[in-house]
Amino acid sequence: MATEDRDTVIEKELDEIKSRASSVNGLKLIACVPMLVSASITKNEYKQLTANIQFPANYPHQPFLVQMKSKHLEQKFTDKLEKICEDEAKKWIGGRQVLVILKFIRTFLEENSLCVCSEEIVYIKRELIGESDEIKLKQKASQIVIKVRQKNYFMNVNISVLDLYPKHQIQTELIDTNLPDLLRINFMAQAKELARQCVTPPLLKNSKSAAVFEHKPSLKVVCNYLIRDCVKRYPLENCPLCKKHVLAEDPENQLKGRKNQIERVYCGHLFHNGCLDTYMKTPPFIGGKKCPSCDKRIYHEKWKVSAEVMENRWAHKQAKQRELEEVVDFLKD
């Protein structure tokens, strides 16, 4: 008799699901039989999952069993959502649970816009954010606010995750920083370019990389660059030539004068302007000047003349210096 009661309850609930499922936005029934209710729940092509629901022996006096799978959402996220749904179903014990929970899942996807990058957020919190840093998630606005520090320097950025992420790149906005303008401008421009490269194929369509291009998530890539490779790195970096801190210990007392201005070269290392200027104008010049830190050739807009021209200038300067020294020696005699 108990089995008949259970079967009757399930049959009536299945009839309700079939009649009302089409009214739930983004819900599509795949199977709706006593053994299994399977439904696809979609917000967009990247925020989509399939929920497989089975009725336990004592249904509806105990919550149903649910298993979820998704092509784009991370397994850890769907596992967590399964647990949330099972807990939510307990609130409806004794009543019809399935359609209520399917609607709950659809609302959850709508209100948790950052679910599509959940694993990247876990990585950022675990690997990039330190004790002095902050990360705040704004699910409804689909934004991530990150505040990072290194010594006395900081950068606050607001990252917007667009609805069709990862097909569309993230948008990064600088809120505030006390890093020098040279670095600020470079950091934000490079972050934008890295995000673009994640979703845009190479301009040379005949290249090998263009032929196999697939867009990829840009959040982790950009955060690795801004946090690990920029804010956490440069306040600790020394000038490769004089071995002193490139940035002033106190940002409010940034070193003045042209010689103490910072210069960033192509390889990414920072130099004092005065140190780099002397180095670039001093022999040897053959083969180009190389960075003492990484041995890569130095490229910079301010020092772009050829090795031959630099050598001629240096020889002319040395000849002039010798003439002056000869005049001084003559006057002494």
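Our structure is the block above this text.
Residues numbered from 1 in each chain as written. Predicted model: local features only at pLDDT ≥ 70, side-chain atom pairs only at ≥ 80, totals over all residues. Heavy atoms only, no water.

K.L.:
Could you give an account of helix 8 (residues 273-280), naming the residues involved and the relevant values?
P.N.:
If you check which residues of helix 8 are buried, you get N273, G274, L276 and M280. Taken end-on, helix 8 shows its buried residues confined to a sector of 165°, consistent with a single buried face. (Buried < 20%, exposed > 50% of the residue type's maximum accessible area, 1.4 Å probe, protein only. Helix = DSSP H or I, 4+ residues; strand = E, 2+ residues; numbered from the N terminus. Arc of directions from axis to C-beta.)

K.L.:
Account for the packing of aromatic side chains, naming residues and giving values.
P.N.:
Enumeration over the complete set of coordinates arrives at six aromatic pairs. For the pair F104 and F108, a centre-to-centre distance of 6.2 Å together with 40° between the ring planes defines the contact as tilted. Of this pair, F104 and F108 both sit in helix 3 (residues 98-111), separated by four residues, roughly a single helical turn. Across from the ring centre of Y123, 4.3 Å away, lies the NZ or CZ of K220, which sits over that ring. Taking the ring centre of Y279 as reference, the NZ or CZ of K289 above it sits at 4.4 Å. (Phe/Tyr/Trp six-rings, centres within 6.5 Å; stacked < 30°, edge-to-face > 60°. Lys NZ or Arg CZ within 6 Å of the ring centre and 35° of its normal.)

K.L.:
Describe in detail the packing of helix 4 (residues 118-128) against helix 7 (residues 219-231), supporting the description with residues and values.
P.N.:
At a minimum axis separation of 10 Å, helix 4 and helix 7 run at an interaxial angle of 20°. Considered as vectors, helix 4 and helix 7 are oriented roughly parallel to each other. Relative to helix 7, the crossing made by helix 4 is right-handed. Across the interface between the two elements, E120, I121, Y123, I124 and L128 from helix 4 touch L219, K220, C223, N224, I227 and R228 from helix 7. Residue composition of the contact of helix 4 with helix 7, grouped by class: seven nonpolar, one polar and three charged. (Axes fitted to C-alpha atoms, helices over the stretch in contact; angles between N-to-C directions. Parallel < 35°, antiparallel > 145°, perpendicular 65-115°, else oblique. Left-handed = near helix turned anticlockwise from the far one by under 90°. Contact = heavy atoms within 4.5 Å. Nonpolar A, V, L, I, M, F, W, Y, C, P; charged D, E, K, R; others polar.)

K.L.:
Could you give an account of the sheet that holds strand 7 (residues 153-160), with specific residues and numbers?
P.N.:
The strand order 5-6-7-8 describes an open sheet built from four strands, whose pairing is antiparallel. The sheet terminates laterally at strand 5 (134-138) and strand 8 (171-177), the two strands that pair on one side only. Adjacent strand axes in the sheet meet at a mean angle of 15°, parallel and antiparallel pairs treated alike. Sheet topology places strand 5 next to strand 6 (residues 143-150); five bridges connect them, and they run antiparallel. (Pairing = 2+ DSSP bridges.)

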